[in-house]
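Here are the chains, one letter per residue:
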Amino acid sequence: MQNTGDVTRRFGQRIKTLRVEAGLTQMALASRCNLDRTYLSGIERGVRNPTLEIISIIAAGLGTSLAALFDY
């Protein structure tokens, strides 16, 4: 069984991978999502645990599906 920190870290890495593949900076994605850049950075580093609502907003900002965010 995975611990919560591992899942959070892996999810954050997935967000970063998709962001980089999309050619976006943290600032650009944060702006698209109306989030603070430091909050997005925390998600990517696995130190923030976003709500489902925020996850949905990030998926929209990346132009992808919710399922794609969890395909890691």
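This text follows the structure it describes.
Below: a short report on this structure. No experiment lies behind these values; they were computed from the predicted model shown.

1. Side note on the pattern of salt bridges
A complete count under the given rule lists two salt bridges for this structure. Across the pair aspartate 6 and arginine 9 runs a salt bridge, and its minimum N-O distance is 2.5 Å. Within this pair, aspartate 6 and its partner arginine 9 are both found in helix 1 (residues 4-21), separated by three residues, close to a single helical turn. Relative accessible area serves as the criterion here: at 44%, arginine 9 is assigned to the partly exposed category. In this structure, arginine 19 and glutamate 44 form a salt bridge, with 2.6 Å as the shortest nitrogen-oxygen distance. Of this pair, arginine 19 sits in helix 1 while glutamate 44 sits in helix 3 (residues 37-45), and the two are 25 residues apart along the sequence. You'll find arginine 19 and glutamate 44 in the same group, each marked buried.

Reading the values: rules and limits
Residues numbered from 1 in each chain as written. Predicted model: local features only at pLDDT ≥ 70, side-chain atom pairs only at ≥ 80, totals over all residues. Heavy atoms only, no water. Salt bridge = Lys/Arg side-chain N within 4 Å of Asp/Glu carboxyl O. Helix = DSSP H or I, 4+ residues; strand = E, 2+ residues; numbered from the N terminus. Buried < 20%, exposed > 50% of the residue type's maximum accessible area, 1.4 Å probe, protein only.

Shape descriptors only; they carry no functional weight alone.
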